[in-house]
Amino acid sequence: MPYNLIYFAVRGRAQSIRYLAADQGIELLEEIIPMNEWESFKNKQPFGQLPVLLDGDLELAQSNAILRHIARQHGLYGSSEREKALIDMVNDQLQDLRESYARMIYDSDFEKAKAIYIENLPNLLASLEIYFGKNKGGSAFFVGDQISFVDYNVFDLLDCFLVLSSSSLDSLPLLKGFHSRMASRQKIAELRATEAFQNMKICGNGKQ
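Fair warning: this is a prediction, and the values are worked out from it, not measured in the lab. (Residues numbered from 1 in each chain as written. Predicted model: local features only at pLDDT ≥ 70, side-chain atom pairs only at ≥ 80, totals over all residues. Heavy atoms only, no water.)

1. Re the overall build of the protein chain
Scanning the protein chain from terminus to terminus reveals nine helices and four strands. Each helix and strand of the protein chain, ordered N terminal to C terminal, gives the series β-α-β-α-β-β-α-α-α-α-α-α-α. Here the protein chain has a C-alpha radius of gyration of 17 Å; the compact-globule value for 208 residues is 17 Å, and the two agree. Overall, the protein chain is about 45 × 45 × 30 Å in size when its C-alpha atoms are taken along their principal axes. Of the contacts made within the protein chain by residues no fewer than 6 positions apart, 67% connect residues no fewer than 24 positions apart. Counting every atom, the protein chain has about 10300 Å² of accessible surface; 50% of that belongs to carbon and sulfur. Separation of charge centres in the protein chain, based on 22 positive and 27 negative side chains, amounts to 3 Å. (Helix = DSSP H or I, 4+ residues; strand = E, 2+ residues; numbered from the N terminus. Rg over C-alpha atoms; globule rule 2.2 N^0.38 Å. Contact = heavy atoms within 4.5 Å. Areas by Shrake-Rupley, 256 points an atom, 1.4 Å probe, with all protein chains shown as cover. Lys, Arg positive; Asp, Glu negative; His and termini not counted. Charge placed at Lys NZ, Arg CZ, Asp CG, Glu CD.)

Written out as structure tokens, the structure reads:
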């Protein structure tokens, strides 16, 4: 039975889920909610927000909960309790970075906030670069020997930063290499080559 993902026609908080499903050959159907219909749809959702995943009779909100659910079912959550804990740790760090990105995107003076954010990005990402280097010298994945859901989440966020500024990872060679390797994975590359993906904005306000 395929998963059903409900979201808007933006990358937003659903794109890492899309990457994971595409790369792993997991069937994912999508219901796109037009922005102008959201208010009438909002109260029907568990917490009044999207994305929402339907898996049989399970209705699951929150993008990270969705990623973990799919990961548990498809062997993408580490090979031990230790690896699960480390994957959760990296994912929580990403949440902090996503929140800082969102504050910048929705700042009332976007251009000023964007310039400041781009300048500070190497500092924001320095600890992630260092941590990544501790696992096989940053030559593969963030935790362990196999890809996990957090790798798709990191890739998506780094991609947002590269859209913001194409040179944002130039001083972070391990993260830049990771992004390049993930983008080169066949099914991810095929998804990113589609017209639908290339025309899709990252955020609902159109700023990126």
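2. As for the nonpolar core
Y101, L125 and F142 are the most contacted members of the largest nonpolar core, which has 67 residues in total. Of the residues forming this core, the biggest block, 10 residues, is contributed by helix 6 (residues 149–164). (Core = buried A, V, L, I, M, F, W, Y, C linked by side-chain atoms within 4.5 Å. Buried < 20%, exposed > 50% of the residue type's maximum accessible area, 1.4 Å probe, protein only.)

3. A few points about the sheet that holds strand 1 (residues 3–7)
With mixed pairing, the four strands of this open sheet are ordered in space as 2-1-3-4. Strands at the two margins of the open sheet, each flanked by one partner only, are strand 2 (28–32) and strand 4 (58–61). On average, each strand axis in the sheet is inclined to that of its neighbour by 20°, with strand direction left out of account. Here strand 1 runs beside strand 3 (residues 52–55); their pairing, made up of three bridges, is antiparallel. Paired with L5 across the two strands is L53, which belongs to strand 3. On top of the sheet, helix 1 (residues 15–24) reaches strand 1 and strand 2; it is set at about 150° to strand 2, its chief contact. Across the sheet, helix 3 (residues 63–73) is in contact with strand 1, strand 3 and strand 4; its angle to strand 4 comes to roughly 130°. (Pairing = 2+ DSSP bridges. Axes fitted to C-alpha atoms, helices over the stretch in contact; angles between N-to-C directions.)

4. Quick look at the pairing of strand 1
The element strand 1 is largely enclosed, with a buried count of four among its five residues. The sheet contact formed by strand 1 and strand 2 spans five bridges and is parallel. Paired with N4 across the strands is L29, a residue of strand 2.

5. Things to note about helix 5 (residues 110–133)
Taking 1.5 Å of rise per residue, the 24 residues of helix 5 would be expected to cover 34 Å, and the 33 Å separating its terminal C-alpha atoms lies within 8% of that figure. Roughly 50° is the biggest bend found in helix 5, and it falls at N120, with proline P122 one to four residues downstream. Here the buried face of helix 5 lies against helix 4 (81–105), helix 6 and helix 7 (173–184). (Expected span 1.5 Å × (residues − 1). Bend = angle between axes of the 7 residues up to and from the residue.)

6. Considerations on the packing of helix 4 against helix 6
One can describe the packing of helix 4 onto helix 6 by two numbers: an axis separation of 10 Å at closest approach and a directional angle of 25°. Between helix 4 and helix 6, the angle falls in the class roughly parallel. The crossing of helix 4 and helix 6 is left-handed. Facing helix 4, whose interface residues are I87, D88, V90, N91, L94, L97, R98, Y101 and M104, helix 6 presents F149, V150, N153, V154, D156, L157, C160, F161 and L164. Classifying every residue of the contact of helix 4 with helix 6 gives 13 nonpolar, two polar and three charged. (Parallel < 35°, antiparallel > 145°, perpendicular 65-115°, else oblique. Left-handed = near helix turned anticlockwise from the far one by under 90°. Nonpolar A, V, L, I, M, F, W, Y, C, P; charged D, E, K, R; others polar.)

7. Structural notes on the side chain of N135
Position of N135 among the secondary structure elements: in the loop between helix 5 and helix 6. Of the polar contacts made by the side chain of N135, one reaches the backbone oxygen of G144; its length is 3.0 Å. (Polar contact = N/O pair within 3.5 Å; in protein donor to acceptor, adjacent residues only side chain to side chain.)

8. Topic: unusual backbone geometry
Note that the residue after L50, namely P51, is joined by a cis bond; omega there is 10°. Its identity as a non-glycine residue notwithstanding, Q62 has a phi of 75°, on the positive side. Relative to the helices and strands, Q62 is located in the loop between strand 4 and helix 3. A relative accessible area of 40% places Q62 in the partly exposed class.

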